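Secondary and tertiary structure notes
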Amino acid sequence: MGWAAMVAALLAATPTFVTRGDVTPEPELRREAEAGWAALEAVYVAEAGGAPAKAPGAIVLQRSLALSPTRNAQGRPGLVELRQNTPGVLDARLRLALRHELAHQLLWWACPQSSEDRLFHEAFALAVSGELPEWRDAPYQSLSRAAADVASSPAVDSPRARRALARLLSETVGFPRALARRLRQCQDGARWVVPLSIDELADVQVREAGPATVVVSRHSGEVLLAEGDVRRALPYGSALKPFVYAAGVAHPVLSPRAETQEWACGPRLPEKVDARTALLRSCNGYFLDWEARGSAPRAFGTWGPVLSAVGLTGTPEGMADAIGLRSTLSLSPWGMAQAYRLLAEARPDVVALLSDNAARGTLAELPASKALVGVATKTGTVRDAASRPQFGWIAAVDADLVVVAVRPGLMPRSFAEEVPKALARARKQAGLEAARVQVLGLLAPKDVEARCAGAGFSVEEGVPHVVPPDWARLESTTARGAAVCLGAPWRVRFPKGPEGGRDYAGVFTWSPPPAYRPPPGVPTSPSAMKARRGSDFVFRTTRLQYTAGVVAAEDVTLKGEARVALARVVAHNEQHSRHPGRAVCDTTHCQAFQGTVRVQREEARALGLPALKWREWLLFSQGGQEPWKETRPRGEVERLLGKGLVSLRFESGRVNYLLTTREGEATFQDGRSLPCEVLRSGLKLPACPRVASFDGGVLVFEGRGRGHGEGLDVEAAKASGQGSELILERAYGRERPVPRDVDGAE
């Protein structure tokens, strides 16, 4: 970019700085911010190769009264909060803190895809804000010690971690090459699937790898447990052989060559070895001979893009690279866990095969083998020139979780007992099993769009296909099979929905329900028809995530024991669907669900309590005693109940009404009765009314509270001060009749 063009780009990209009068002098503060921004953006343009096309928004500069003692400033997009110890004085400490926070603001503007990468953000801010000389004057610290300190605090939110990060940055003369590469990635608009690693930043191997364990949910994709540097890419040995197997079209049956070391894969090897045995025994010779025949997949075949997306450091040139005989490629434990999550979704047959590993594979005949029965496992060993183990890997998959464990200097068989222990530790959090919910059923499928900020894939007959990172119709994404977003939740949007969409951490599938026909004579509105039909989209996440999402959608303000009680009902209802043979729906016909949210401690505690004793759907509503009055046109009410309406009264959860009916020349009044929920939902009233009166062409309804008024009254639960057990007993009693499934509810 020419100098004139660069200057023009910078002038066009300066944000408006807004001050509040609480950090003074304001004019000087704004000038300092403008100068700092110009310097920071000049670095960005020089290293990234250009300026972003969009203009930055305004940035508010204000005083903060809630900073921790170790911080002089903090911020979020569009806001910088500063500590000013002396009014009217912009001292060097404040100016430095301002430049540091402006560096974060610049990245939020220029590189939004990196917003969750704390190491990248902090490294950039330290590198460009002028802080490095101060940190360099600190006592000497070795590279290996610095790397260990950063790894132990990946959020880089302590002075010790920032000092260690500055030590790593000091290894580079000039602007760090790793940051320059990442800034070019920002400017290119590339996805930010793999966060910046310590090794990438230091541009050297700065330390010996330590033990690492990561546990990921198969359903939501959440990282449930992470110990050690799970983002560090390491040689992986045989741990990726299942992906070679999965990519194969025809698996040959081969004769072992006893004189070849690569065929030394356990005692009593059959005279003919098929691919299943070779995978369980981890027979390197089989895979090499398969390649020699010319029929083996190259570069992991259809699984190559998956492994690349989760951080595989290159493309294997041959089978020896793919199966880890040559340590030319690396992958992080996190990346491997993500890949196995997708493998479990796409190829359950491969996972079923690996479930035999503890019985007749590389983890057989161990004290831990019994604890691994039914768990799919694959081992990998990285050796040095003297055949000593450098790294041992175990990847494991059960019905709900993926575990990847790496141990330096150990063979996998020597730490196999740590895998069931890791599974048990993760399961201390209850509610990790699958929950399925029909979602977005009130919308036309063509109106629903989704995008994956990580690495998105759709599955067709066991083959993963890359989902482009842009917004696309969810209907098209799920047409082939399951849609999985690795490393991030799906983001879903639709017309008149929340700006920016909603998060859905889980797996989408396309599953049209059967047609719904309401019982004869029961009024049913069009929206109620949609709700009762269900949805074409089925979403799978964890029961805990589902429960938290419903509680937030039903009453985000709920706290304490009342929230625990509602969460227990929500989790119970997920397993007692109102759609026989189908998953629960996400409308108020079942219970509202508007995507996944941050789990609160009440939901986590609720899922750890015993299952409720009732064996049917449990009703609940907002409840309360707040009075309300609503009017509806007489014609709207008569479309629901029938023409000739002359009176209505409400009792015991029903609406009793009279219709004027004519038969021939006779006129009489016909008494009828319906569940009050039919009227409430059809007229969209806050609750079942207590009284109704005629006022010319309208009917006036009066009542109290919100909802159908049956089962758990949420407002009453809030006010009760009771524990969840008493709240539920009060709501549902000791004996619970099977509730009537009221047609017309939404």
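Residues numbered from 1 in each chain as written. Predicted model: local features only at pLDDT ≥ 70, side-chain atom pairs only at ≥ 80, totals over all residues. Heavy atoms only, no water.

1. Remarks on the pairing of strand β2 (residues 59-63)
Here β2 lies mainly inside the structure; four of its five residues are buried. Where strand β1 (residues 17-19) and β2 come together, three bridges link them in parallel fashion. Counted as the bridge partner of Phe17 is Ile59 from β2. The parallel pair β1 and β2 is bridged by helix α2 (residues 26-48), and the resulting crossover is left-handed. Where β2 and strand β4 (residues 79-82) come together, four bridges link them in parallel fashion. The partner of Arg63 across the bridge, within β4, is Leu82. (Buried < 20%, exposed > 50% of the residue type's maximum accessible area, 1.4 Å probe, protein only. Helix = DSSP H or I, 4+ residues; strand = E, 2+ residues; numbered from the N terminus. Pairing = 2+ DSSP bridges. Right-handed = clockwise from strand over helix to strand, strands pointing away.)

2. Some details on the pairing of strand β25 (residues 666-675)
As paired strands, strand β24 (residues 654-663) and β25 are joined by ten bridges and run antiparallel to one another. Bridge assignment links Val655 to a residue of β25, and that residue is Leu674. The turn joining β24 and β25, which pair antiparallel and follow one another in sequence, is formed by two residues; a positive phi near 65° is taken by Gly664.

3. Let's talk about the pattern of salt bridges
Summed over the entire model, instances satisfying the criterion amount to 31 salt bridges. Close ionic contact of Asp321 with Arg326 constitutes a salt bridge, the shortest N to O distance being 3.0 Å. A residue is classified by how much of its surface remains accessible, and Arg326, at 42% relative accessible area, is partly exposed. Among the ionic contacts, a cluster of salt bridges with common partners joins Glu28, Glu32, Arg95 and Arg99. (Salt bridge = Lys/Arg side-chain N within 4 Å of Asp/Glu carboxyl O.)

4. Quick look at the sheet that holds strand β3 (residues 73-76)
Pairing within the open sheet is mixed, and its four strands lie in the order β1-β2-β4-β3. Two strands lie at the open edges of the sheet, namely β1 and β3, each paired on one side alone. The sheet shows a mean angle of 20° between the axes of neighbouring strands, taken without regard to direction. Packed onto the sheet, α2 meets β1, β2 and β4 and runs at close to 155° relative to β1. The sheet contacts of helix α3 (residues 92-110) involve β1, β2, β3 and β4, and relative to β3 the element is tilted by about 15°. (Axes fitted to C-alpha atoms, helices over the stretch in contact; angles between N-to-C directions. Contact = heavy atoms within 4.5 Å.)

5. What to know about the packing of helix α21 (residues 543-554) against helix α23 (residues 601-608)
Packing of α21 against α23 brings their axes to within 10 Å, and their N-to-C directions diverge by 130°. Taken together, the axes of α21 and α23 lie oblique to each other. For the pair α21 and α23, the sense of crossing is right-handed. When α21 is examined against α23, the residues Arg543, Leu544, Thr547, Ala548 and Val551 are found in contact with a partner set consisting of Glu603, Ala604 and Leu607. Of the residues that constitute the contact of α21 with α23, the class distribution is five nonpolar, one polar and two charged. (Parallel < 35°, antiparallel > 145°, perpendicular 65-115°, else oblique. Left-handed = near helix turned anticlockwise from the far one by under 90°. Nonpolar A, V, L, I, M, F, W, Y, C, P; charged D, E, K, R; others polar.)

6. A short note on the sheet that holds strand β8 (residues 389-397)
On the basis of which strands lie adjacent, the open sheet formed by five strands has the order β6-β5-β9-β8-β7 and antiparallel pairing. Looking at strand neighbours, the two that pair on one side only are β6 (223-227) and β7 (376-383), the edges of this open sheet. Looking at each pair of strands side by side, their axes are set apart by 10° on average, direction ignored. Two elements, β7 and β8, share eight bridges in a ladder whose sense is antiparallel. By the bridge assignment, Thr377 is partnered in β8 with Ala396. On top of the sheet, helix α15 (residues 333-346) reaches β5 (212-217), β6, β7, β8 and β9 (401-408); it is set at about 30° to β5, its chief contact. Its contacts with the sheet put helix α18 (residues 418-426) on β5, β6, β8 and β9, and the angle it makes with β9 is roughly 135°.

7. As for the packing of aromatic side chains
Counted according to the given criterion, the structure contains 16 aromatic pairs. Relative to Phe539, the ring of Phe508 lies with its centre 4.9 Å away and its plane at 45°, an arrangement referred to as tilted. Of this pair, Phe508 sits in strand β18 (residues 507-510) while Phe539 sits in strand β19 (residues 537-542), placing them 31 residues apart in sequence. Taken as a pair, Phe508 and Phe539 share a single burial class, namely buried. Seen from their ring centres, Tyr546 and Phe593 are 5.3 Å apart, and the 35° between their planes marks the pair as tilted. Of this pair, Tyr546 sits in helix α21 while Phe593 sits in the loop between β20 (584-585) and α23; the two residues are 47 residues apart in sequence, bridging distant segments of the chain. Here Arg182 stacks its cationic end above the ring of Trp192, 4.9 Å away from the centre of that ring. Over the ring of Trp471 we find Arg451; its NZ or CZ atom is 5.9 Å from the centre of that ring. (Phe/Tyr/Trp six-rings, centres within 6.5 Å; stacked < 30°, edge-to-face > 60°. Lys NZ or Arg CZ within 6 Å of the ring centre and 35° of its normal.)

8. Examining unusual backbone geometry
A cis amide bond, omega -5°, links Thr24 with the succeeding residue Pro25. For Leu440, which is not glycine, the phi torsion reads 60° and is therefore positive. On the basis of relative accessible area, Leu440 is assigned to the buried category, the value being 6%. One non-glycine residue with positive phi stands out, namely Lys684, at about 55°. Locating Lys684 in the fold gives a position in the loop between α25 (676-683) and β26 (691-695). Residue Lys684 is classed as exposed on the basis of its relative accessible area, which comes to 55%.

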